[in-house]
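# Structural features, examined
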Amino acid sequence: MSDKAPVIYRTQIKQEWLDYNNHMNVAYYVLIFDLAGVELVSQLGLSEQVTEATGISWMVLENHITYNNEVVLGQPVEIRCQLIDHDTKRLHLYFEMYAQADDGSEYLASTLEQMAMCVDLNSRSSCEFPDTIALTINNMAEQQSSITKPTNIGRRIGIRRR
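Anyway, here's the lowdown on the structure attached to this text. Here, residues in each chain are numbered from 1, in the same order as that chain's written sequence. Confidence filtering applies because this is a predicted model: local features only for residues at pLDDT of at least 70, side-chain atom pairs given and counted only at 80 or more, and all residues used for totals across whole chains, interfaces and linings. Only hydrogens and water are set aside; all other atoms, that is, all heavy atoms of the structure, feed into the side-chain values.

Bringing the overall build of the protein chain into the picture now. Only DSSP runs of H or I reaching four residues or more are called helices, and only runs of E reaching two or more are called strands; each is numbered from the N terminus. For the protein chain, the count of helices and strands is three helices and six strands. Written out in order from the N terminus, the α and β elements of the protein chain read β-α-α-β-β-β-β-β-α. Taken against the 2.2 N^0.38 rule, which gives 15 Å for 162 residues, the C-alpha radius of gyration of the protein chain at 17 Å falls within 12% of a compact globule. Across its three principal axes, the protein chain shows a C-alpha extent of roughly 45 × 35 × 35 Å. Each residue is assigned to one of three classes by its accessible area relative to the maximum for its type, calculated with a 1.4 Å probe on protein chains only: buried under 20%, partly exposed between the two thresholds, exposed over 50%. Put simply, the protein chain has 162 residues, and 39% of those count as buried. Here, residues are in contact when the closest pair of their heavy atoms is within 4.5 Å. Across the protein chain, the fraction of contacts at a sequence separation of at least 24, relative to all contacts at a separation of at least 6, is 68%. Computed by Shrake-Rupley with a 1.4 Å probe, the accessible areas treat only the displayed protein chains as cover when residues are assessed. Accessible surface, the protein chain as shown: approximately 9800 Å² in total, 48% of it carbon and sulfur. Positive charge is attributed to Lys and Arg, negative charge to Asp and Glu, and no charge count is given to His or to the chain ends. Throughout, a charge is located at the NZ atom of Lys, the CZ atom of Arg, the CG atom of Asp or the CD atom of Glu. The distance from the centre of the 13 positive side-chain charges to the centre of the 21 negative ones in the protein chain is 10 Å. Our radius of gyration looks at C-alpha atoms and nothing else; its globule reference is 2.2 Å times the residue count to the power 0.38.

What follows is the structure in structure tokens.
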């Protein structure tokens, strides 16, 4: 069994995502992780259609992102997502972006640690995940229980002094 989280999203780097350094601009890393998050919550049962029908959705509370290696035009990337923790209203998620090199190997391009929350859009406040979605989240947690927790979660930003 793999110690990596499952792939939930794939894309290729587009021209409009590049900056003047001729690699992907930092803003588009967040875009790709967001698209992966939309796919994740859809898989959990909280798709756009469910939100339109129920008024129940999700919102991101906090992101911590690392830029490990650059990605360039046309390069394929895949996003893996690990559920670190959860409760009745929140998901603590960890995403990894792997890029495919020209030789077919892959490397870690970026990571994103995220706290997301279930919300009732009618009251604009937090709420518990609906029962069917909570069950799916619990199943995901069980399926991923043997995956090692990443060492860089909960990081703080700062200049290290000697």
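Residues other than glycine seldom take positive phi values, yet Asn-22 does so here, at roughly 65°. Tracing the sequence through the fold places Asn-22 in the loop between strand S1 (7-12) and helix H1 (26-44). Residue classification places Asn-22 among the exposed residues on the basis of a relative accessible area of 53%. Phi angles above zero are rare outside glycine, and Arg-124 is one such case at about 55°. Note on placement: Arg-124 falls in the loop between strand S5 (106-120) and strand S6 (125-126). Residue class for Arg-124 comes out exposed when judged on its relative accessible area of 60%.

Next up on the list: the pattern of salt bridges. Note on pairing: side chains with opposite charge can pair once their charged atoms come close. Definition used for salt bridges: Asp or Glu carboxyl oxygen within 4 Å of a side-chain nitrogen of Lys or Arg. Applying the stated rule across the entire model yields four salt bridges. A cluster of three or more residues bridged by salt bridges with shared partners is formed by Arg-10, Glu-78 and Arg-80.

For two strands to be treated as a pair, DSSP must find at least two bridges joining them. Here strand S2 (residues 56-67) runs beside S5; their pairing, made up of eleven bridges, is antiparallel. When the bridges of S5 are listed, Val-60 appears paired with Ala-116. Pairing between strand S4 (residues 90-100) and S5: eleven bridges, direction antiparallel. Bridging from a neighbouring strand, Leu-91 pairs with Ala-116 of S5.

Judged by nonpolar contacts, the single largest core of 34 residues is most densely connected at Ile-13, Met-24, Ile-32, Val-71, Phe-95 and Met-97. Counting residues per element, the ones that place at least two in this core are H1, S2, strand S3 (76-86), S4, S5 and helix H3 (131-143). Here the element with the most residues in this core is H1; it accounts for seven residues. Discounting residues that sit within four places of it in the chain, Val-71 has contacts with Ile-13, His-23, Met-24, Tyr-29, Val-77, Ala-99, Tyr-107 and Ala-109. The nonpolar core is taken to be a set of buried Ala, Val, Leu, Ile, Met, Phe, Trp, Tyr and Cys residues, with the residues joined through side-chain atoms within 4.5 Å.

Honestly, that's just the spatial picture; any functional story needs more than this.
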